Amino acid sequence: MEFTKEQHEAVSAAIREAEQRTCGQIICVLARSSSAYAHMPILWASALALITPWPLIDFTPWSVQRIFLVQLVVFLVAALVFSWMPLRLLLVPRPAQRARAHHAAIEQFVVRRVAHTKNRCGILIFISLAEHYARIIADEGIAQKVPNAEWQAAIDALISHMRTGEIAAGFIVAIARCGSVLAAYAPPDGSANELPDRLYIM
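Because the structure is a prediction, the values reported are computed rather than measured.

Scoring rules and cut-offs
- Residue numbers run consecutively from 1 along every chain, following the written order of its sequence.
- Owing to the predicted nature of the model, reporting of local features is limited to residues with pLDDT of at least 70; listing and counting of side-chain atom pairs is limited to 80 or more, with chain, interface and lining totals taken over all residues.
- Computation of side-chain values: all heavy atoms of the structure, hydrogens and water removed.
- Numbering of helices and strands runs from the N terminus, with a helix taken as a DSSP run of H or I at least four residues long and a strand as a DSSP run of E at least two residues long.
- Take the number of residues in a helix, subtract one, and multiply by 1.5 Å to get its expected span.
- The cut-offs for exposure are 20% and 50% of the maximum accessible area for each residue type, with area from a 1.4 Å probe on protein chains only; residues under the lower value are buried, those over the upper are exposed, and the others partly exposed.
- In this description, one arc is meant: the one made by directions from the helix axis to the C-beta atoms.
- We call two residues in contact when some of their heavy atoms are within 4.5 Å.
- Definition of nonpolar core: a set of buried residues of the types Ala, Val, Leu, Ile, Met, Phe, Trp, Tyr and Cys, connected through side-chain atoms within 4.5 Å.

*Asks:* So, helix α1 (residues 5-19): which residues are in play, and what are the values?
*Replies:* Given a rise of 1.5 Å per residue, 15 residues ought to cover 21 Å, and the 21 Å separating the end C-alpha atoms of α1 matches this to within 8%. Within the sequence span of α1, burial applies to Val11, Ser12, Ala14, Ile15, Ala18 and Glu19. Considered in projection along α1, the buried side chains sweep an arc of 155° and stay on one side of the axis. Set apart from the buried face of α1 by more than 90 degrees, the exposed residues are Lys5, Glu6 and Glu17. The elements touched by buried residues of α1 are β1 (25-31), α9 (167-185) and β4 (199-201).

The structure is reproduced here in structure tokens:
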């Protein structure tokens, strides 16, 4: 998923517009995938290779050396096939995908310094495409004031646009909704703009 310069600028403009109505800060992060899941091809290829000798021992007169060679070939071919990212993702249980995406969102919340603003009213809008995951994480200064249902409306709008491939439009709608929430619970207080108004792509 490649964003054009115009899409980046549109997201930045939406953040600036939303932040004019609040002392809160908005950071947007788009991850193509929350993890490479590099262990999955080896894990599944090893399991397949370990199973391979048993039927060959029972149903063929092959030597140990020949069976070992077949086992080695099965491992190498399976590791190569399972390295294809769409297939690799199918091998990862959905709860594990969500857990990894959640962990990546928390990492970005820390890395982008959302919790270092003066008013502690920053929020992170995070999408991970491979896991079909979207989340809004609010810093403690605003999280204590806003019911989760209010953030969920922004998430629902974001997911709706993700399904049609309109990621930039989804961010813009979610930013506007989050801006309205922040304006209601964290109005402007004259504090400076502390975080970059931009979309980060991982």
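*Asks:* For the environment of Ser83, give the residues involved together with the corresponding values.
*Replies:* With respect to the element layout, Ser83 can be found in the loop between α4 (64-82) and α5 (85-90). Sequence separation between Ser83 and Ala36 is 47 residues, and the spatial gap between their C-alpha atoms is 9.8 Å. Discounting chain neighbours no more than four positions away, the residues touching Ser83 are Pro41 and Arg88.

*Asks:* Tell me about the environment of Ile106, and name the residues and values.
*Replies:* Looking at where Ile106 falls in the secondary structure, it is placed in helix α6 (residues 94-111). A sequence separation of 61 residues divides Ile106 from Ala45, and the C-alpha atoms of the two residues are 31 Å apart.

*Asks:* Before we move on, can you summarise the nonpolar core with the specific residues and values?
*Replies:* Residues Ile26, Ile123, Ile125, Ile142, Trp151, Phe171 and Ile175 are the most contacted members of the largest nonpolar core, which totals 33 residues. Elements supplying a minimum of two residues to this core: α1, β1, β2 (122-128), β3 (133-138), α8 (148-163) and α9. In terms of residues, this core owes the most to one element, α9, which gives eight residues. When near neighbours in sequence (up to four residues on either side) are disregarded, Ile175 contacts Val11, Ala14, Ile15, Ala18, Ile26, Cys28 and Ile125. One finds Val29, Val114, Phe126 and Ile137 within the second-largest nonpolar core, a separate group that totals 14 residues.

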